Amino acid sequence: GFRASFHPVWKTQHLLLTSQYLREEVLPRFLADDDHMFCLGFTEPDSGSDSLLPYEGPDGGARTTAVQRSNGDWVINGRKTFIFTGGLAKGSFVLCRTDTTRGMSDGATLFYVDHAAPGFRFGHVFSKLGWRLTPNAELVFEDVVVPDEARVGEVGQGVPFIGGFGKTHAATTAVFAVATARAALDL
């Protein structure tokens, strides 16, 4: 469970180098705080992280939205659920619909959201049978304002961007499961 708690952190920390804002505003806080963790906000009550593709209709996939204001800031509204380390994280990388007329592959964008932002809160924290050091929780966004500089990658390219950095996610998750099963067998 302990190693799994840091899985989202080591997997996503390089994203802090993708913009000047993340390098100057978030990276120093991350480096100065031993308890600073991140989470990935993809799964929603009606859309799992594994259902991003192949359906490409505008009515499929994530419902959490990010709408850009005239000053460039984005306003995020929605809910993510079953988010690994969600109850512990101090920030999240969140996949949001930025064009609801398009499918997820070209209508979703990835953002960094600081959990201290007004309008952000944790929702339900789920009780789990195992890996209790890594609580799964809901992330709730109610008019959360983030600067355009908190955007990770290009507008509308969140899914391809995730595909590029997340290639090893399934393999590392499998390693955790196999290692746990092996330890159980040995015991």
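Keep in mind it's a predicted model, so treat the numbers as computed, not measured. (Residues numbered from 1 in each chain as written. Predicted model: local features only at pLDDT ≥ 70, side-chain atom pairs only at ≥ 80, totals over all residues. Heavy atoms only, no water.)

**Quick notes on the pattern of salt bridges**
A complete count under the given rule lists eight salt bridges for this structure. The shortest N-O distance in the salt bridge between Asp 114 and Arg 29 comes to 2.9 Å. Of the two residues, Asp 114 sits in strand β5 (residues 108-114) while Arg 29 sits in helix α3 (residues 20-32), which places them 85 residues apart along the sequence. Asp 106 serves as the salt-bridge partner of Arg 102, at 2.9 Å between the closest nitrogen and oxygen. Relative accessible area serves as the criterion here: at 38%, Arg 102 is assigned to the partly exposed category. Overall, the relative accessible area of 31% leaves Asp 106 in the partly exposed class. (Salt bridge = Lys/Arg side-chain N within 4 Å of Asp/Glu carboxyl O. Helix = DSSP H or I, 4+ residues; strand = E, 2+ residues; numbered from the N terminus. Buried < 20%, exposed > 50% of the residue type's maximum accessible area, 1.4 Å probe, protein only.)

**Side note on the pairing of strand β7 (residues 136-146)**
Looking down a regular strand, the side chains alternate between one sheet face and the other. In terms of residue burial, β7 counts as a mostly covered element, since eight of its 11 residues are buried. Examined bridge by bridge, strand β3 (residues 74-84) and β7 share eight bridges and lie antiparallel to one another. For Phe 84, the partnering residue across the bridge sits in β7 and is Asn 136. Inspection of the sheet shows strand β6 (residues 120-126) paired to β7 by five bridges, in the antiparallel sense. (Pairing = 2+ DSSP bridges.)

**Description of the environment of Asp 99**
For Asp 99, the position within the fold is in the loop between β4 (91-97) and α4 (104-107). It is 7.3 Å that separates the C-alpha atoms of Asp 99 and Gly 156, two residues lying 57 residues apart in sequence. A distance of 2.5 Å separates the side chain of Asp 99 from the side chain of Thr 101, its partner in a polar contact. (Polar contact = N/O pair within 3.5 Å; in protein donor to acceptor, adjacent residues only side chain to side chain.)

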